[in-house]
Amino acid sequence: MSLVLAPSDVSSATSRELPPVVGHDLRVPLVTGGNVAYANLDLAASAPALRSVADHVAELLPYYASVHRGAGYASQVSTALLEAARATVGEFVGARPEDDVVVFTRNTTDSLNLLAGCVPGTVLCLDVEHHANLLPWQTGAHQVLGAADTVEETLAGLEAALASTSVALLAVTGASNVTGEVLPLGRIVEIAHRWGARVVVDAAQLAPHRSIDIAATDIDYVALSGHKLYAPYGAGVIVGRRDWLDVGTPYLAGGGAVREVEVDHTIWAAAPHRHEGGTPNVLGAAALAQACRTLAPVLDGAALAHERALSDRLAAGLATVPDVRTLRIWSDSTERVAVQSFSLPAQHPSGRVAAYLSAEHGIGVRDGRFCAHPLLLRLCGENGEALRASIGIGTTEEHVDRLVEALRQLVTQGPRWTYGRVDGRWVPTPDPRDHDPLGIVGDLALGTGASACSSD
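Presented here is an overview of the structure given in this document. (Residues numbered from 1 in each chain as written. Predicted model: local features only at pLDDT ≥ 70, side-chain atom pairs only at ≥ 80, totals over all residues. Heavy atoms only, no water.)

Side note on the overall build of the protein chain
In step 1: Counting secondary structure elements, the protein chain contains 13 helices and 19 strands.
In step 2: Its C-alpha radius of gyration of 23 Å places the protein chain within 12% of the 23 Å reference for a compact globule of 456 residues.
In step 3: Taking all 456 residues of the protein chain together, the buried fraction comes to 54%.
In step 4: Considering only contacts in the protein chain between residues 6 or more positions apart, those separated by 24 or more positions represent 72%.
In step 5: With an accessible surface of roughly 19300 Å², the protein chain has 54% of that area assigned to carbon and sulfur atoms.
In step 6: Taking the 33 positively charged and 50 negatively charged side chains of the protein chain as two groups, their mean positions are separated by 2 Å. (Helix = DSSP H or I, 4+ residues; strand = E, 2+ residues; numbered from the N terminus. Rg over C-alpha atoms; globule rule 2.2 N^0.38 Å. Buried < 20%, exposed > 50% of the residue type's maximum accessible area, 1.4 Å probe, protein only. Contact = heavy atoms within 4.5 Å. Areas by Shrake-Rupley, 256 points an atom, 1.4 Å probe, with all protein chains shown as cover. Lys, Arg positive; Asp, Glu negative; His and termini not counted. Charge placed at Lys NZ, Arg CZ, Asp CG, Glu CD.)

Here you go:
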């Protein structure tokens, strides 16, 4: 029997206060015929552009030009926009005006790889991290600590590890990309600093849901991605203490990263330019800054209320579906963002479930191991894969309810279509939907190969 949840006054009221996103009215085809409004529950992977961001980029395009060394008017405007964006992003994360620097990158992964070349010593991280906060440290001295079953035991383990060996940097997630759980960052910073280590926070999942204040929490470095912060134009940042970044190995050798060059000797610039060789992504930086300006007034207010109401609604709905097992890392965690992973052991593999949700119900979720293989192996055993629904600006009660009902139908009635693996991904067989709605992809639309992070 279907569970019908009453409309939430909180969610309905707060959603009207939130900034609009591009594609909120997108309709997608179903294999069973017709089309339906798209239920995008995959925002933890990439979020749609805020309307204000898309409009801002369109406004800037006529002025787009190369920056920093151009005398032309458009170049000077673009340079001013880039540096203003740097200041805006720094303010958004509470950067220390006298001590911190904002370096533009491509995304969080890029940011953490950049920082890895600047750390003067050993890096410590937990085994629950996204690969972006696990793999970069493997190129140097590093230590991986297994997270305990509780937050308190994990914090005690971190302190013991820091006390027993010299660690330069502790790398932690701001919010798990698998479970949404948030560690007490203030306490982690206190522990790390007590033992002489700095802290970098992978804020890819935290920043779209909670405000960050580097100065207030004394976090040393924060990395985040624009494409998860409703600014999908190819920019990210690493923000933090200048000293390591000023002397670290330049991340991308090239024009703009130098002060003087001879054929056999180079004097590198200080950060941020030291790590921004080549022509920077001006539009991406401006888009990220506009997203920060748009989100700052609502992040801890209307957006948070909206997120919590829909997260509670999703949790209540999933609890009524037979065979659904929700995932969590710590039994005593009390704070989480709107990311919920779950498994349906009797419906394995997860890729087939995700294909069903898309093809028959117009729902987008993530499936696989979420670029967090060690964590998924711990939470899901040998199969090591799950499904993830993520909520944000643009998500509605109808999206959540549709997911819950679609899962119930799958468990109780089974799919109405057949599915098979093509190029490593589960897809409807046959698939009558048009995968080239813009008419520009052609035969490449059929090549939907999978990454090992998502499905294998």
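Alright, that's what it looks like, and here's the rest.
Overview of the pattern of salt bridges
In step 1: Applying the stated criterion to the full structure yields 27 salt bridges.
In step 2: The residue Arg86 makes a salt bridge to Glu83 at a minimum N-O spacing of 2.8 Å. With a gap of three residues between them, Arg86 and Glu83 both fall in helix α3 (residues 73–92), about one helical turn apart.
In step 3: Taking the relative accessible area as the measure of exposure, Arg86 reaches 9% and is therefore buried.
In step 4: When its relative accessible area of 28% is taken as the criterion, Glu83 is described as partly exposed. (Salt bridge = Lys/Arg side-chain N within 4 Å of Asp/Glu carboxyl O.)

Comments concerning the sheet that holds strand β17 (residues 386–390)
In step 1: The strand order across the open sheet formed by four strands is β13-β14-β17-β16, and the pairing between neighbours is antiparallel. Because the sheet does not close on itself, it has two edges, and the strands there are β13 (325–326) and β16 (366–368).
In step 2: As paired strands, β13 and strand β14 (residues 339–343) are joined by two bridges and run antiparallel to one another. Pairing of Arg325 across the sheet is with Ser343, part of β14. (Pairing = 2+ DSSP bridges.)

Section: the pairing of strand β7 (residues 169–173)
In step 1: Most of β7 is tucked away: five of the five residues are buried.
In step 2: Because side chains alternate across β7, one face comprises the buried residues Leu169, Ala171 and Thr173, and the other comprises Leu170 and Val172, equally buried.
In step 3: Across three bridges, strand β5 (residues 123–126) lies against β7 in parallel orientation. Directly across from Cys125, in β7, lies its bridge partner Ala171.
In step 4: Pairing analysis gives five bridges linking β7 to strand β8 (residues 198–202), with the strands arranged parallel. Looking at the pairing, Ala171 lines up with Val200 of β8.
In step 5: Following the backbone out of β7, through helix α6 (residues 185–194) and into the adjacent parallel β8, one traces a crossover that is right-handed. (Right-handed = clockwise from strand over helix to strand, strands pointing away.)

Comments concerning the nonpolar core
In step 1: With 80 residues, the main nonpolar core has Leu170 and Leu224 as its most contacted residues.
In step 2: Sort the elements by how many residues they give to this core and helix α9 (residues 282–295) lands first, with eight residues.
In step 3: Every residue in contact with Leu170, bar those within four places of it in the chain, is listed here: Leu124, Leu158, Leu162, Ile188, Ala192, Arg198, Val199 and Val200.
In step 4: Counting 30 residues, the second-largest nonpolar core is a separate cluster that includes Ala39, Val324, Val365 and Leu403. (Core = buried A, V, L, I, M, F, W, Y, C linked by side-chain atoms within 4.5 Å.)

Concerning the sheet that holds β5
In step 1: Strand order in the open sheet formed by seven strands is β4-β10-β9-β8-β7-β5-β6, with mixed pairing between adjacent strands. Edge positions in the sheet fall to β4 (100–105) and β6 (142–145), since each has one partner strand and no second. Between one strand and the next, the sheet's axes are offset by a mean angle of 20 degrees, whatever the strand orientation.
In step 2: Across the sheet, α3 touches β4 and β10 (236–241), and the angle it forms with β4 is around 120 degrees.
In step 3: Against the sheet, helix α5 (residues 151–164) engages β5, β6 and β7, with an angle of about 165 degrees to β5. (Axes fitted to C-alpha atoms, helices over the stretch in contact; angles between N-to-C directions.)

Points about a nonpolar patch on the surface
In step 1: Side chains of Leu438, Ile440 and Val441 sit close together on the surface and give an oily, nonpolar patch of about 340 Å² of accessible area.
In step 2: Relative to the elements of secondary structure, Val441 occurs in the segment after β19 (425–428).
In step 3: By relative accessible area, Val441 is classed as partly exposed at 37%. (Patch = residues over 30% accessible without salt bridge, like charges linked within 9 Å, V, L, I, M, F, W, Y side chains within 5 Å.)

Let's talk about the environment of Ala71
In step 1: Mapped onto the elements, Ala71 comes out in the loop between α2 (51–60) and α3.
In step 2: For the pair Ala71 and Thr279, spaced 208 residues apart in sequence, the C-alpha to C-alpha distance is 15 Å.

Quick look at the side chain of Ser176
In step 1: Relative to the helices and strands, Ser176 is located in the loop between β7 and α6.
In step 2: In this view, Ser176 contacts Glu181, Gln205, Ile329, Val339 and Leu375; residues no more than four positions away in its chain are not counted.

Focus: helix α12 (residues 373–380)
In step 1: What α12 keeps buried is the set Leu375, Leu376, Leu379 and Cys380. Relative to the axis of α12, the buried residues are bounded by an arc of 105 degrees and lie together on one face.
In step 2: Of the surrounding elements, those touching the buried residues of α12 are β13, β16 and β17. (Arc of directions from axis to C-beta.)

Here's the deal with the packing of helix α11 (residues 350–361) against helix α13 (residues 397–413)
In step 1: Between α11 and α13, the shortest axis-to-axis distance is 11 Å and the interhelical angle comes to 115 degrees. The angle between α11 and α13 places the two elements in the roughly perpendicular class. In this structure, α11 meets α13 at a crossing whose hand is right-handed. Counting all contacts with α11, which are made through Val353, Tyr356, Leu357 and His361, the residues of α13 involved are Arg402, Leu403, Ala406, Leu407, Gln409 and Leu410.
In step 2: Classifying every residue of the contact of α11 with α13 gives seven nonpolar, two polar and one charged. (Parallel < 35°, antiparallel > 145°, perpendicular 65-115°, else oblique. Left-handed = near helix turned anticlockwise from the far one by under 90°. Nonpolar A, V, L, I, M, F, W, Y, C, P; charged D, E, K, R; others polar.)

What about unusual backbone geometry?
In step 1: For the bond running from Ala271 to Pro272, omega is 10 degrees, close enough to zero to count as cis.
In step 2: Of note, Pro272 is situated in the loop between β12 (265–268) and α9.
In step 3: Following His348, the chain continues into Pro349 via a peptide bond in cis, with omega recorded as 5 degrees.
In step 4: Take Pro349: it is sitting in the loop between β14 and α11.
In step 5: Residue His68 is not a glycine yet carries a positive backbone phi of 75 degrees.
In step 6: Relative to the assigned elements, His68 resides in the loop between α2 and α3.
In step 7: In this model, Asp323 sits at a positive phi of 80 degrees, which is unusual for a non-glycine residue.
In step 8: With respect to the helices, strands and loops of the structure, Asp323 is situated in the loop between α10 (302–318) and β13.
In step 9: Under the relative-accessibility criterion, Asp323 is labelled partly exposed at 30%.

All quantities given are derived from atomic positions and should not be read as evidence of function.
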